[in-house]
Structure formats: C-alpha cells, structure tokens
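Working through the structure, step by step
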Amino acid sequence: TTTGSHQSLTSLSQQQPKQQGQGQSELGPPQLSASSSSYATAPIIPLAHDSLLGGGPMGWGEENQHHPDDNYSTSGSSFHSCRVEDPPTTGLFAEIDRRSVYRPVDNPTFSHYYYERETRKILNPNDLQDMAALHEGARYAKYALAIYTWVLYLYVHPVSGIPRLAEKGCVACLKSMNKRKRRNSGESDQRNNENSASRMENGEMTPELVSDYVFNANGRIEGDNMCHSHKTALLLTAGLKEADLVYAQLKSGFRDNPYCILLDHEWKSVVVSIRGTFSIEDCVSDVLIEPESLDVVAREFDFANVGGRDLNNSTTAQNGGHYCHGGMLMWVRNICRDLQRHKLLDKLLLGPNAEYPDYCLRLVGHSLGAATCTILSYMLRSKFPNLRCVNYSPPGCSVTWELAVGCKNWCNSFVLDSDIVPRLSLDSMEAWRDEILELIGRIKVPKIEVAKRFLKGSEGNNCGICFDPPLDDPEVTLQDLEDILYDPDEVPESEYKRQLERFKFIQEERKRLRGERRTIKLFPPGKMIHLVKTGEKRACIHGVAKCLTCFTTNFGFEYTPLWINNDDLDEI
C-alpha cells in the first residue's frame, strides 16, 4: 500500500492550482500560502446516472475551477439536481459523491437517487492548503518506502533492481574490505583512541564522541551487511546522495526497531523515517493490541493536556487518560532511547552550533511505523515546535480520540482506498468476524457455486479476482446476492445457526470480563486524507500486471482524494 500511495499521491500532486499564492506554507515547497476554503453544505442532493455525465481524471475537469460545493445553493429549497449542464459535476465526481460523500436517503417523492451529505470533502485543486498537503504526501512517501531497504526495492524493480544493487554493492564491498584491512593494521584504531581518550567521562562516551562515531563511515549505519545492500537500496529509493544519509538503525528485534535520519535539502527538512511491520518480531508487536496508558509519557514530555485532559489532576487521571496501541508504545520507547543516545537531532537542528538551524523536522512512517511517528512527534514537539508528521496507512487502533484529533495541525495521514490496516481495531475485527460467520449461515447454494461466481465475475464478463465488480449496475449485484443468500430474517433453523448464537453469547461474556480497558476505543491519528479509487483501466496489460504481482499492484487505477474524519474507517 505504501508504493500505491506514493504513485497515486505523485499523480494527484502534479495537478497544480490555477492561482498563485504569496508567502510560504508550513508544509514546505512549492511555495503555497496556507489558505482555508469554506465549504457550503447541501443537505440532500439527487444525482443523475453516471452515463449522463462526462469528466476528466480524478474528477477534476478543466471546467471545474472552483470547489464543487460552490454551485450548491440552499436558497428556496433543500433539494438540488446535479444535471449534465452543471459544470462541477463530472462522471468521477458523481461516482465519488454517491458512494463516499453522501449517505443514501429514501425519498419516494423523487425518482432520482438522493443522498445526504456527510463530513467528507473532496480536496480542491485550487485550494492551496489542499494541494500543499498532497505535495507533502507525495514528497515524503519515498522516504517511508526507503527504510524497507533492498526487499521492497527489488519488489518495485524486479528486473533492474538486482543489477543496480550489484553494481553499487560491489563498490561498497571493496571499500569495506579496504577499511577492514586498515583497521586490522591498527593505524585507524590508534588515531581514534587518541582522539576519543580526551572525551571519555567516567568510562562513558560523551555526546560529541557519539556524534563523531555516528558520522564516521563505519559507524553511521547499524545492522547493514558487508556489501551495504540495505544502505544502497535506501538511497536509491529515496533518491538521495550518500552524504544525505545521516544515520540508519537497521537491526530489528524487540529492543531495536529500524529507522533512519535523512536530509532533504530541497525542502529544507531533517527526515526521520520509521519502518512498519516487516519481521516476525514486528508481527508480535502488532498483536499487542491491548491499549496501554500514555499518562507517564505524556507528563514527561509535556503533552498531558492534549484534548483538555489535565493528567496532572488526580481526578482526571483516574477517570481515564491517554492510551495507545501496546506494541506501538514499545516501539516508541526503543526509538526514543536510541535518539537520546546519539543526540543527532539536537546536533542538526538545535543550539548555536546547529548544522541546519533553519530546517524543519519531519517524521514519516508507514503502518505501525506511522502510529509510532505520531506518539514520537508528541514527545519531540516541545523541543522542535516546527515539527511535522506524515503518516501512511496508520493502524485504526493507534491512539485515543483526543490524541488522534489533537495533532491535526501538524500531522497528515494518508489512506489508500480499501487498505485494511487503517480499519483494524478490536471492534472492527470482531464485527468482521461476526459478519463472515453470519454470511456463511445465510448461503443457500453449495459453496462451490459461490466460488464459481466469484471467479467468473458478474454475468461472466470479468474475472472477480483480476477486476473489481462494476459499480454502475447495482441491480446485477443485488440479483447475485438474492440468488445465493437468504434474507437475514429468513435463515432456516440449523445446527450451525444454534452454534453461532452460542458463540456470540460466549464472546460477549468474555468481553465483559476483560474490564473497562477493553472498552477503550482507539483511532487513526492526524488529519485524514482518503485516496478513493474512482476508476480502473481494464485492458489486458492491466490484468497481466495484476497476475505478475499477485494482485497487489494498483497499475491503471485512478483515485480521488477526500478529507475524512478519524472515525470514518470504523469497519472492514
């Protein structure tokens, strides 16, 4: 999903706004002023059929040079029809309006489809703040990718990746062997000992000595192999020079989590990129989903009052403070401990001798790394007030509501279409489990028949694996469901149905016995941007690409970006 987010964000961010603003946005280049748009609201809107409406990619046609809501007047009537002559309503915009921006409303008076507007808003290509958010997301997605090093690099470049890594890896191998020979000769060790002896205090390395060690060619990367394939892939993915890699911790375990510190001179940023789930140890961290209290960390790093909760007040603390995903808290502690050990961020950004005092600190991460970035940004924000956080597919069970919405001014989170990770929580997974079990009980045809229909697609036109079912013919979909499923109220009595009812009763009892902590709800953090798939090219080349990549590519997909709330992705 990270590669998909990178590609789709890059495509969307290339749609430049028509007007030029003055001043500099907090998000960084391009130079955009942080202007906010006012969005009108139409309570109920009927929409014509897609075939009547034309449109360009991403739902933004050349004729649409203002926000779509500008034409939705509420004077005189609360109902308005979007016809073909209405300029802002393109085919893709109508599609995204009907399925993701509006809630269906029964209205027997009118023959059109009627939908009630919800809180989701399409990003406006002429709103400088909206476009700046997309530019920032497209820019820093490559850094979130880079920390996955050579494995993800070979996945993205299956043909050219091996020759590139081999070419640069051979050079790195030779350099490593030469340095090892010099080190064995004792010459370099003697010089290092003479320089470091004067800076040893009580047998421990001072911050200055740690910094010198890290910036040394042998010490700034921990956990790489002799051929430096991790470092090579990281730099190739990020598109940076070796001098821009300040530090990389690539060891993975229960006490070490991979991350790196990079320099982005074009956007004047010091970037901390944290890897998401990748190893067995990471998977163990993922399943530590039980909420853990952040109250001690919040008091230590001065974010105890987020969301109006004064955790220094004993009454408020007893009534419930801040919580987060248990595995995420373990990651935050590991990375924070390493940052405090080498103090590189202080050396780069703080004090009179800072190397880049006018640079901004940005934390980026994917999956569990994104959730880790959010808590870490809360911990570092008092020291780095211009810090920004960019998340890609943060878990749906990241932090409590106050922390999730309290960072919206400096944290953006991107979700790619139907990615399951931002929808994962205890409640959503239990609801998903129950829905699947209920659907199994409602099947009235042999299960092999269900598999056949899925494989051949609707009416035998498309493969259900290679392509999503068509969205513009709901009658066909409803008919398929009626053919294979009982209505919920018409399921006949069976042993399976009785076992399912007993299972649900047991699960409710277990939930009750787990105590109040089990009822704590966690949410994805930051200001949420949902990249909704609104189009898919269906040529043979796209089907071949899916087969070659085990159906993980988004080649040929078109997306529309939406602002959504942190609780919108509450089900799978």
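Coordinates for the structure precede this section.
First, a word on scope: everything that follows refers to the structure included in this document. These numbers come from a predicted model, not from an experiment. (Residues numbered from 1 in each chain as written. Predicted model: local features only at pLDDT ≥ 70, side-chain atom pairs only at ≥ 80, totals over all residues. Heavy atoms only, no water.)

1. A closer look at the overall build of the protein chain
Rules: Numbering of helices and strands runs from the N terminus, with a helix taken as a DSSP run of H or I at least four residues long and a strand as a DSSP run of E at least two residues long. Categorising residues by exposure relies on relative accessible area from a 1.4 Å probe, with only protein chains included: less than 20% of the type maximum marks a residue as buried, more than 50% marks it as exposed, and the intermediate range marks it as partly exposed. In this description, contact between two residues means that some pair of their heavy atoms is separated by no more than 4.5 Å. Throughout, the Shrake-Rupley method with a 1.4 Å probe supplies accessible areas, and for residues the shown protein chains are the sole cover considered.
Summing up its helical and strand segments, the protein chain has 20 helices and 17 strands in all. Looking at the protein chain as a whole, 47% of its 572 residues qualify as buried. Across the protein chain, the fraction of contacts at a sequence separation of at least 24, relative to all contacts at a separation of at least 6, is 76%. Roughly 28,500 Å² of accessible area belongs to the protein chain as shown, and the carbon and sulfur atoms make up 53% of that amount.

2. So, the pattern of salt bridges
The following threshold applies: For this analysis, a salt bridge means a side-chain nitrogen from Lys or Arg found within 4 Å of a carboxyl oxygen belonging to Asp or Glu.
All told, the structure shown has 21 salt bridges when counted by the stated rule. Between Glu509 and Arg512 there is a salt bridge, with the nearest N and O atoms lying 2.8 Å from each other. Residue Glu509 and its partner Arg512 are both found in helix H19 (residues 495-513); the two are separated by three residues, about one turn of the helix. Overall, the relative accessible area of 29% leaves Glu509 in the partly exposed class. Using a relative accessible area of 55% as the deciding quantity, one classes Arg512 as exposed.

3. Considerations on the pairing of strand S15 (residues 411-416)
Inclusion rule: Here the rule is simple: two strands pair whenever DSSP picks up at least two bridges between them. Here the term right-handed applies to a crossover when the path leading from its first strand over the helix to its second strand runs clockwise, the strands being oriented away from the viewer.
Extensive coverage of S15 is indicated by the burial of six of its six residues. Covered by surrounding structure in S15 are Cys411, Ser413 and Val415 together with Asn412, Phe414 and Leu416, the residues of both alternating faces. As paired elements, strand S14 (residues 388-392) and S15 share four bridges and run parallel to each other. Paired with Tyr392 across the bridge in S15 is Phe414. Once you follow S14 into helix H15 (residues 401-406) and on to S15, the crossover reads as right-handed. Judged from the five bridges that link them, S15 and strand S16 (residues 527-536) form a sheet pairing that is parallel. Counted as the bridge partner of Leu416 is Leu531 from S16.

4. Some words on the sheet that holds strand S9 (residues 259-264)
Here is the rule: Axis lines are fitted to C-alpha atoms, over the contacting stretch for helices. Their N-to-C directions set the angle, which ranges from 0 to 180 degrees.
Across the sheet, which stays open at both edges, the 10 strands sit in the order S4-S17-S16-S15-S14-S13-S10-S9-S8-S7 with mixed pairing between neighbours. Each of the sheet's edge strands pairs with one partner strand only, and the pair in question is strand S4 (121-122) and strand S7 (221-222). The strands touched by helix H3 (residues 128-146) within the sheet are S9, strand S10 (269-274), strand S13 (360-366), S14, S15, S16 and strand S17 (557-564), with S14 carrying the most contacts at an inclination of about 70 degrees. Its contacts with the sheet place helix H12 (residues 326-342) against S7, strand S8 (245-249), S9 and S10, and it is angled at close to 55 degrees to S9.

5. A short note on the packing of helix H16 (residues 426-442) against H19
To characterise two packed helices, one gives the angle between the axes of the helices and the distance between these axes. As a reminder, the rule being used: Roughly parallel here means an angle under 35 degrees, roughly antiparallel means over 145, roughly perpendicular means 65 to 115, and every remaining angle is called oblique. Residue polarity is assigned by list, with Asp, Glu, Lys and Arg as charged and Ala, Val, Leu, Ile, Met, Phe, Trp, Tyr, Cys and Pro as nonpolar; anything else, Gly included, falls into the polar class.
The N-to-C vectors of H16 and H19 enclose an angle of 170 degrees; their axes lie 10 Å apart at closest approach. Considered as vectors, H16 and H19 are oriented roughly antiparallel to each other. Note on element contacts: H19 touches H16 through Tyr496, Leu500, Phe503, Lys504, Gln507 and Lys511, opposite Glu430, Arg433, Asp434, Leu437, Glu438, Ile440 and Gly441. Along the lines of polarity and charge, the residues of the contact of H16 with H19 split into five nonpolar, two polar and six charged.

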